[in-house]
Amino acid sequence: MPLLYLIRHGIAHDRGRDGTDFTRELTDEGRDKMRRQARALKRAGLTPAHLVTSPLDRARQTAELLADVWGVRVSHESALGLGASPTAYLDAFAAHEGRVACVGHNPDISYAVHALTGARVQMRKGMVAAVKLAGKNAREGQLVGLYDPDALADWGG
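This text gives an overview of the structure that appears in the document. (Residues numbered from 1 in each chain as written. Predicted model: local features only at pLDDT ≥ 70, side-chain atom pairs only at ≥ 80, totals over all residues. Heavy atoms only, no water.)

**Notes on the side chain of D57**
Okay, so step 1: Here D57 lies in helix 2 (residues 57-70).
Okay, so step 2: A distance of 2.7 Å separates a polar atom in the side chain of D57 from a polar atom in the side chain of R17. (Helix = DSSP H or I, 4+ residues; strand = E, 2+ residues; numbered from the N terminus. Polar contact = N/O pair within 3.5 Å; in protein donor to acceptor, adjacent residues only side chain to side chain.)

Here you go:
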C-alpha cells in the first residue's frame with residue numbers, strides 16, 4: 001500500500017550553534033525519544049522503504065536516527081526545509097516507490113497533513129502522520145494513522 005509518513009523532527013535546542021534556526025540540533029532527550037519511537041514503529045511494521053529529510057540539522061539528525069534503526073538510506077531534499085509546501089512532500093513521495101517517510105518542520109508539516117487529508121492536526125515534535133495515497137501521482141489521500149510521540153517512545157522501550 002502506498003503510504004506517505006509525515007514526521008516532524010524531534011525535540012531540538014532553542015538556538016543553533018551559530019545562533020540561527022537553521023543549525024538547531026536535537027537535544028539528548030530528542031535523540032533518545034526518536035530512537036525509541038523508531039524501534040516502536042519498526043516493531044509495529046510501520047517502517048518506510050525510503051526516508052527523505054529537510055537538510056536543516058534537527059530534521060537531518062532525526063532522519064539519521066530513524067534510518068539507523070530502520071536500515072534505510074536517507075535522501076536530503078532542500079524543498080522540505082522551512083516553508084515546505086504540501087507539493088514538496090508529494091514530490092518526495094512520487095520520486096520513490098511504496099512507503100516513503102518525510103521529515104520536516106512545523107507549521108509546514110501540519111499544513112501538509114491538512115492539505116492532503118482534510119484533517120486538522122497540530123503535529124508535535126516527533127509526531128508521525130500516515131497518509132494513504134492512491135498512487136504515485138495522487139494529490140490527496142486519507143489519514144490512516146496518527147502516532148503520538150510520547151506513546152511511541154514508551155512503547156519503543
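Now that the structure is up, let's keep going.
**Observations concerning helix 4 (residues 108-117)**
Okay, so step 1: For helix 4, the full list of buried residues reads D108, I109, S110, A112, V113 and L116.
Okay, so step 2: On its buried face, helix 4 is in contact with strand 1 (3-8), helix 3 (86-94), strand 4 (100-104), strand 5 (128-133) and strand 6 (141-147).
Okay, so step 3: Just past helix 4, the residue G118 takes up positive phi, approximately 85 degrees. (Buried < 20%, exposed > 50% of the residue type's maximum accessible area, 1.4 Å probe, protein only. Contact = heavy atoms within 4.5 Å.)

**Description of the environment of V72**
Okay, so step 1: Turning to its location among the elements, V72 is positioned in the loop between helix 2 and strand 3 (74-76).
Okay, so step 2: Taking C-alpha positions, V72 is 6.3 Å from H50, a pair spaced 22 residues apart along the chain.
Okay, so step 3: Sequence-distant contacts of V72, that is, excluding residues within four places in its chain, are made with P48, A49, L51 and A67.

**Focus: unusual backbone geometry**
Okay, so step 1: Here the amide bond leading from N106 into P107 is cis, since omega sits at 5 degrees, within 30 degrees of zero.
Okay, so step 2: Relative to the assigned elements, P107 resides in the loop between strand 4 and helix 4.

**Considering the packing of aromatic side chains**
Okay, so step 1: If you walk through the whole model with that rule in mind, you get zero aromatic pairs.
Okay, so step 2: The ring centre of W155 lies 5.7 Å from the NZ or CZ of R43, which sits over that ring. (Phe/Tyr/Trp six-rings, centres within 6.5 Å; stacked < 30°, edge-to-face > 60°. Lys NZ or Arg CZ within 6 Å of the ring centre and 35° of its normal.)

**Overview of the pattern of salt bridges**
Note that side chains of opposite charge can pair when their charged atoms are close.
Okay, so step 1: The final tally for this structure, using the stated rule, is twelve salt bridges.
Okay, so step 2: Of the charged contacts, one joins D28 and R31 as a salt bridge, the two residues approaching to 3.6 Å between their closest N and O atoms. Pair noted here: D28 and R31 are both in helix 1 (residues 28-43), with a separation of three residues, about one helical turn.
Okay, so step 3: The exposure class of R31 is partly exposed, given its relative accessible area of 23%.
Okay, so step 4: Residue E64 is joined to R60 by a salt bridge in which the shortest nitrogen-to-oxygen separation is 3.3 Å. Of this pair, E64 and R60 both sit in helix 2, separated by four residues, roughly a single helical turn.
Okay, so step 5: On the basis of relative accessible area, R60 is assigned to the partly exposed category, the value being 22%.
Okay, so step 6: Among the charged side chains, a network of salt bridges with common partners joins R17, E25, D57, R60 and E64. (Salt bridge = Lys/Arg side-chain N within 4 Å of Asp/Glu carboxyl O.)

**What to know about the packing of helix 3 against helix 4**
Packed helix pairs are specified by the crossing angle of their axes together with the interaxial distance, meaning the distance between the axes.
Okay, so step 1: Packing of helix 3 against helix 4 brings their axes to within 8 Å, and their N-to-C directions diverge by 75 degrees. Classed by the angle they form, the pair helix 3 and helix 4 counts as roughly perpendicular. Side by side, helix 3 and helix 4 meet where P86, Y89 and L90 of the first sit next to D108, I109, Y111, A112, A115 and L116 of the second.
Okay, so step 2: Here the residues of the contact of helix 3 with helix 4 sort into eight nonpolar, no polar and one charged. (Axes fitted to C-alpha atoms, helices over the stretch in contact; angles between N-to-C directions. Parallel < 35°, antiparallel > 145°, perpendicular 65-115°, else oblique. Nonpolar A, V, L, I, M, F, W, Y, C, P; charged D, E, K, R; others polar.)

**Regarding the sheet that holds strand 2 (residues 50-53)**
Okay, so step 1: Taken together, the six strands give an open sheet; going across it, the order is 3-2-4-1-5-6, and neighbouring strands pair in mixed fashion. In this open sheet, the two edge strands, each paired with only one partner strand, are strand 3 and strand 6. Shown here is a sheet whose adjacent strand axes are inclined to one another by a mean of 25 degrees, direction ignored.
Okay, so step 2: Sheet analysis places strand 1 next to strand 4, joined by five bridges and oriented parallel. In the strand pairing of strand 4, Y5 is matched with A101.
Okay, so step 3: Contacts from helix 2 reach strand 1, strand 2, strand 3 and strand 4, with the element oriented near 170 degrees to strand 2.
Okay, so step 4: Along the sheet face, helix 4 touches strand 1, strand 4, strand 5 and strand 6 and points at about 155 degrees away from the line of strand 1. (Pairing = 2+ DSSP bridges.)

Geometric values such as these leave the question of function open.
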